[in-house]
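Understanding the architecture of this molecule
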Amino acid sequence: MTLVNVGIIGFGQSKFVRTRVDVTFPELVREGAIMALEDAGISIDDVDAVVYPLAPDALIGVGNGERWVIDALGAVGKPFMRVNNGGATGMSAVLTAWTHIASGLFDVVLVAGADRVSESSSAQSVLNKMWDVGYERAMPLNTITMLALSAQRYMHLYNSDETDMAMVSVKNRYHASLNPNAHLQTTVTIEEVLASRTLAWPLKLMDACPASTGAAGLVLVSERYAKKNSLKPAWIRGLGQNSETYWMGNRVGPKAIGDHADADALAVAFQLAYDQAGVSNPREQIDVAEIYAPFSSVELHVIEAAGLADKGKSPAGLAKGDFTLGGNGVTVNPSGGTQCTNPIAVTGLVRVGEAVNQVLGRAGAHQVDGARVAIASAIGGDHQFYSTMVICSDLEEI
Amino acid sequence: MMGNKPGVAVVASVTIAVASESTKSLEEMIFEASNSALNSLGLTAMDIDSFVLGGNDQIDGRVISIMPSTGPAGGVGKDTTMIASSADHALIYGYLRLLAGQGKNVLVMGWAKPSESVDPDRAELMSCEPFLLRQIGMNNTIAAALQASKLVSQGLETSNSTGKFAWPLGDRDLPARGDSVYALVLAVEGSFTPGEEIAWIEDAGWTTMSYELGSRDLIDFSALKIAIEQISNRTPHASPKNWDAIEIAGDSEFTVRSVSREIELKPGVEINKSGALADLPTSPFVSGLARMVMAINRIKHLPAGANMVAGIGFNGFAGQGAAVVVFSGSKGE
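On to the interface of chain A and chain B, then. The interface is formed by 51 residues belonging to chain A together with 46 residues belonging to chain B. Elements with a minimum of two residues in the side of chain A that touches chain B: helix H2 (65–68), helix H3 (70–73), strand S3 (80–83), helix H4 (89–102), helix H5 (123–128) and strand S8 (234–243) of chain A. Per element, the largest residue contribution to the side of chain A that touches chain B is five residues, and it comes from H4 of chain A. Tallied by class, residues from the side of chain A that touches chain B come to 21 nonpolar, 20 polar and ten charged.

What holds strands together in a sheet is hydrogen bonding between their backbones, with the strands either parallel or antiparallel. All names here are of chain B. Strands sit in the order S3-S2-S4-S5-S1-S6-S10-S9-S7-S8 across an open sheet of ten strands; the sheet is mixed. The open sheet has two edge strands, strand S3 (79–82) and strand S8 (270–271), and neither has a second partner. As paired strands, strand S9 (residues 308–315) and strand S10 (residues 321–328) are joined by eight bridges and run antiparallel to one another. Bridge pairing links Ala 310 to Val 326 in S10. Sheet strands touched by helix H4 (residues 87–99): strand S1 (8–18), strand S2 (50–54), S3, strand S4 (105–112), strand S5 (179–188), strand S6 (199–208), S9 and S10. Its angle to S2, the strand with the most contacts, is close to 160 degrees. Running over the sheet, helix H10 (residues 284–298) touches S1, S2, S4, S5, S6, strand S7 (245–249), S9 and S10 and is turned about 175 degrees from S9.

To continue, consider the sheet that holds strand S10 (residues 331–332) of chain A. Residues and elements named next belong to chain A. Read across the open sheet, the ten strands follow the order S3-S2-S4-S7-S1-S8-S12-S11-S9-S10; overall the sheet is mixed. Either end of the sheet is taken by a strand with one partner, and the two such strands are S3 and S10. Looking at chain direction, strand S1 (residues 6–13) and strand S7 (residues 213–222) are connected through seven bridges and run antiparallel. In the strand pairing of S7, Gln 13 is matched with Ala 216. On top of the sheet, H4 reaches S1, strand S2 (49–53), S3, strand S4 (108–116), S7, S8, strand S11 (373–380) and strand S12 (385–392); it is set at about 160 degrees to S2, its chief contact.

Procedures and definitions
- Residues numbered from 1 in each chain as written.
- Chains lettered and ligands numbered in written order.
- Predicted model: local features only at pLDDT ≥ 70, side-chain atom pairs only at ≥ 80, totals over all residues.
- Contact = placed C-beta atoms within 7 Å.
- Helix = DSSP H or I, 4+ residues; strand = E, 2+ residues; numbered from the N terminus.
- Nonpolar A, V, L, I, M, F, W, Y, C, P; charged D, E, K, R; others polar.
- Pairing = 2+ DSSP bridges.
- Axes fitted to C-alpha atoms, helices over the stretch in contact; angles between N-to-C directions.

These figures come from the coordinates and say nothing about function on their own.
Take a look at the structure:
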């Protein structure tokens, strides 16, 4: 497939925190829209269409929450649609916006939204309800126990241990300490991670993401618009999506159709994006990765699905300083990633925005020197929906 | 603007719509509709490049509706996206994907199965913001009544419908509620055998207006007019004056009557030939897609010389959003 050139000219994100009591939900969404538009140097009047990411309505307590925020977004009178692909929503919405422009119908599309996960009295109770009522809900699964099962499987299959996961937490917390927008900004040591309380073995508190509140937005433009207005966007050079089975039971045991230790369906999505972008050797051609990993254990197999390490080998890379700012090879989650900031509806969008900042050389203290090619990814559902993207500062060969 | 874009056709269309389905789960209905659409083409899910789903978490009673529905729709191992603002938006997004060159075909589905819900009215109430509308008990029926009452105040005749639910709406004025699932396969010209197409998609327009009922004129149908204007500007031959039939998913029959008067139509246009709102079970989230599917199916039954049918859907309270998709029996005419 020949990819239509679509650029990103604006990215805005709030400072992510646990709770915001100073704004209503629409006001929070508005923050994301305004910051993105200001960064793009345009007004809402210049926007042809709006795509809105919102994952479970249950987390904000208002059904069809998209209708409530229309006015705050400035989307009145514009083509508007909402995407809900679970945790992948933020990035699926960017892909949806890309589609709007690539269709030839639109030149400028705004993607903006927000989440306030902590407003739900128990996000994990809500998320337990995403499993089927008859079988797996009753286990009881939630996103923590589901990923604990995955982490156990990874440890078993690749002779990994809890220290490997702790190394991810230490790296990401260090990166987040350099990111003024990150939710968790304090550094931690391996000993502190290992000593933090167990949520569901082997996952501990410091392996886990926070429940974040905040907003973010992106502005996408057609190549025609970028040229006409002499803009220098970051370019989307490849994109992919793929879906996995719903059932946890189909990922374990001798008849598993996918191993819960790995993220093979994500690897397929990465390959789709790589093929479009001309990436044949990601370890050499990619400078920075903003990958969706809400728990330290997830980052291990996402690094591998992205082709940045062989299966089971990402811990060894981490141990010798790979994936860390100033370290060897591809820097992974220089923003601190999802593990340090997780406003679910826009988490995937922030991954793309951080990748954009990196290739445009404006990531501040967490900038990867000379970054030109970045990848971003997101995961939704029970590790069921995967989105990927390759972003580059130019349209030259990667 | 669309001159170089490929033609996109609907090549399969399946409707399952009943007042209440008590023997099959929503997932089973989704599988049945998807499978029927694929079987009609001799395809399997593996032949489909991507899946676009239109479901509503609250009505479905699934916290993330795309999760349990992707498998039965056939989307495992594929690019699957849920468009959650309305099922008619899912159809439009499937169309955009093909215009954008994202594959040769897409399976679009939309559904609502309120019979599985303990209290669908409660789900509608929870779609209100918590500060004002939820406190006053707003829902789709009341919003439709507000719209209809203003239409009556402006001279629209009342109906003879009995059993008033909310003045001036009676039992024959409101859409029947029921369980329904729709599956469509869209395909790019050249990827299917000529003659397989049920209808060509000429263009689509959609927009959404203010959420605040108090800040809108509930009877100016501005969302609909903007959506139509998008189509008329891009694809003049698909403008209303060339429509031969319309299928309208109004919030009430008052809406249907008003819409057909608000749009500049040629004389003799068929309006809701597929049936009255009260006779066709649906649910607000999916009613627009339902009428679009009826519009698609009307194509083959148009009188001689007629060629173009529009499907019109609304979403949100009292037509906050509107979507229009124009179909024809022959491409670009």
